[in-house]
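# Structural features, examined
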Amino acid sequence: MAKKIIIKTELEVFESISELPSSIQNLMNKAHEARENAYAPYSHFKVGATLLLESGEIIPGNNQENAAYPSGLCAERVAIYHAGAVYPSQKIVSLAITARSLKKVITDPIPPCGACRQALVEYEIKQDSNIETYFMGESGKVIKASSIKDLLPLVFNKEYL
Ligand code: THU
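Below, the structure is looked at part by part. The structure presented is a predicted model; accordingly, all values stated were derived computationally and were not measured.

Calculation rules
- Residues numbered from 1 in each chain as written.
- Predicted model: local features only at pLDDT ≥ 70, side-chain atom pairs only at ≥ 80, totals over all residues.
- Heavy atoms only, no water.
- Helix = DSSP H or I, 4+ residues; strand = E, 2+ residues; numbered from the N terminus.
- Buried < 20%, exposed > 50% of the residue type's maximum accessible area, 1.4 Å probe, protein only.
- Contact = heavy atoms within 4.5 Å.
- Core = buried A, V, L, I, M, F, W, Y, C linked by side-chain atoms within 4.5 Å.
- Pairing = 2+ DSSP bridges.
- Axes fitted to C-alpha atoms, helices over the stretch in contact; angles between N-to-C directions.
- Near = heavy atom within 4 Å.
- Polar contact = N/O pair within 3.5 Å; in protein donor to acceptor, adjacent residues only side chain to side chain.
- Areas by Shrake-Rupley, 256 points an atom, 1.4 Å probe, with all protein chains shown as cover.

### Details of the overall build of the protein
Of the regular secondary structure elements, the protein holds three helices and six strands. Each helix and strand of the protein, ordered N terminal to C terminal, gives the series β-α-β-β-α-β-α-β-β. Principal axes of the C-alpha set define a box for the protein whose edges measure 50 × 40 × 35 Å. Scored against the burial criterion, the 161 residues of the protein give a buried share of 40%. If you take every contact in the protein between residues at least 6 apart in sequence, the share linking residues at least 24 apart comes to 68%.

The structure is reproduced here in structure tokens:
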């Protein structure tokens with residue numbers, strides 16, 4: 001008989017941004033600001049992502065779309081590649097993500113897509129510490145994952161190469 005593997009993930013749900021620690025409220029507010037600068041003329045779905053570095057610096061990103069659709073990039077990857085390019089030795093402590101659709105009001109927390117989870121976890125492995133991740137819609141509940149690995153339990157990592 002095949003053995004079963006049970007994978008457990010714990011996430012925290014906050015009723016609103018006001019329940020978050022003040023440094024994370026600030027990080028999320030900066031993500032809301034970054035979100036509004038998204039270039040999303042095709043999906044009309046704007047995403048903002050901000051990274052809090054150990055130095056206290058905040059690195060913003062937002063989605064950048066392209067007429068050749070797959071050439072566009074998600075907010076989370078714009079932010080993390082920006083941090084990797086400018087501060088390659090700084091640890092990333094926290095990530096905040098927010099999304100707003102121009103077609104309907106989003107109150108559900110919007111998690112990072114699968115490709116972004118894979119890109120983000122690379123940096124947790126690189127820096128050997130977790131990136132706590134908070135995500136939300138345009139308003140409403142906020143979900144917190146203590147590590148990207150909680151969102152991507154079976155990580156493909158460099159050890160396999
Ligand atoms: N998008 C992000 O920026 N992050 C995600 O995690 C999911 C999707 C963007 C990509 C595209 O510009 C738009 O949202 C619709 O998919």
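### With respect to the nonpolar core
Leu51, Ile80, Ile92, Leu95 and Ile131 are the most contacted members of the largest nonpolar core, which has 24 residues in total. Secondary structure elements with two or more residues in this core: strand E2 (45–53), helix H2 (75–86), strand E4 (92–101), helix H3 (114–127) and strand E6 (142–145). If we skip the residues at most four places from it in the chain, Ile80 touches Leu51, Ile92, Leu120, Tyr123 and Ile131. Counting 11 residues, the second-largest nonpolar core is a separate cluster that includes Phe14, Leu20, Ile24 and Leu52.

### A closer look at the sheet that holds E4
The strand order across the open sheet formed by six strands is E1-E6-E5-E4-E2-E3, and the pairing between neighbours is mixed. Each end of this open sheet is capped by a strand with a single partner; those strands are strand E1 (11–14) and strand E3 (58–62). Strand after strand, the sheet turns through a mean of 15° between neighbouring axes, direction not considered. Relative to strand E5 (residues 132–136), E4 is paired through five bridges, and the arrangement is parallel. Its bridge partner lying in E5, Leu95 is registered against Thr133.

### Focus on the site of the ligand
All residues adjacent to the ligand are Ser43, Phe45, Val47, Asn63, Glu65, Cys74, Ala75, Glu76, Pro112 and Cys113. Within the backbone of Ala75, one N or O atom sits 2.9 Å away from an oxygen atom of the ligand. At a separation of 2.8 Å, a nitrogen atom of the ligand approaches a polar side-chain atom of Glu76. Considered on its own, the ligand offers 370 Å² of accessible surface; in the complex 75% of this is hidden by protein. Of all the elements in the fold, those that place two or more residues in the shell around the ligand are E2 and H2.

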